[in-house]
Amino acid sequence: MKKIIGIICLAGVLAGCNNSDRKEHKDEPKEAQQLSQEKKEKPKESESSNNIISKEEAVKLAMKQFEDYLPNILKTYGGAIDLQEPYVGDFTGDGIDDVAIYWSVAPEGGNAIIGQGLSLYKNTGSKVKVIAGYEPDYLFSFDEIKNGKIRVKKLEYAEEDGRCCPSISTRHTLTISGNKAY
């Protein structure tokens, strides 16, 4: 009799364990359904954000366009590219960071600056397009993009300055009009 009661108890325990295993398996499809639902929602989120390119992607696209146009710049100045450096900030006022590429040209085998400028690219969110160029007839250095404005420093030589190092610096805020910046 004790053996029969023991076997019944053991069967009950095993049946209870078996039921708890079934409950876990029943919950798994719900978890799998949740994961599946999340996967379905994520593509929708990425589809809407797919239209907006990152700052890094905007810089890559602008640099590619600049590289394609660079032979024209070099032909104009008759030298070699010395520096090309991208800067990012919203200068068109649309809330999306645009790209400004500062560049300078030096003579082949030399270190003087024979040409310099900024190429300005508007970021539409899905692509970048050149909107203006800035090529003044004086030396300048890029300063910043802040509060929707591009600022440069106009550089001038004092009498005692070496050719490398103009010491007079005047801040200048660029105005963009048509395809020119001044």
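A brief look at the structure comes next. (Residues numbered from 1 in each chain as written. Predicted model: local features only at pLDDT ≥ 70, side-chain atom pairs only at ≥ 80, totals over all residues. Heavy atoms only, no water.)

Quick notes on the environment of Val 99
Along the polypeptide, Val 99 turns up in strand β2 (residues 98–106). Considered as a pair, Val 99 and Ile 145 are 46 residues apart in the sequence and their alpha carbons are 9.7 Å apart. Excluding residues that lie within four positions of it along the chain, Val 99 makes contacts with Ala 58, Val 59, Ala 62, Pro 86, Tyr 87, Phe 91, Ser 119, Leu 120 and Tyr 121. (Helix = DSSP H or I, 4+ residues; strand = E, 2+ residues; numbered from the N terminus. Contact = heavy atoms within 4.5 Å.)

Some details on the pairing of strand β5 (residues 139–146)
Bridge count between β5 and strand β6 (residues 149–156): seven bridges; the pairing is antiparallel. Looking at β6, one finds that Lys 146 is bridged to Lys 149. From the end of β5 to the start of β6, which pair antiparallel, there are two residues, and Asn 147 there has a positive phi angle of about 55 degrees. (Pairing = 2+ DSSP bridges.)

Notes on the state of the cysteines
On inspection of all chains with the given rule, the structure shows one disulfide. Disulfide partner of Cys 164: Cys 165, at an S-S distance of 2.2 Å. Between Cys 164 and Cys 165 the disulfide shows an S-S torsion of about -85 degrees. By sign, it is left-handed. The class of Cys 165 is partly exposed, set by a relative accessible area of 42%. (Disulfide = S-S within 2.5 Å. Buried < 20%, exposed > 50% of the residue type's maximum accessible area, 1.4 Å probe, protein only.)

Some remarks on the environment of Ile 114
Position of Ile 114 relative to the elements: it lies in the loop between β2 and β3 (115–123). You can call Ile 114 partly exposed: its relative accessible area is 35%. Non-local contacts of Ile 114, meaning those with residues more than four positions away in its chain, are made with Tyr 77, Gly 78, Gly 79, Val 105, Ala 106 and Pro 107.

A few points about the pairing of β6
Relative to strand β7 (residues 168–173), β6 runs antiparallel, the two sharing six bridges. From the neighbouring strand, Leu 155 faces β7, where its bridge partner is Ser 169.

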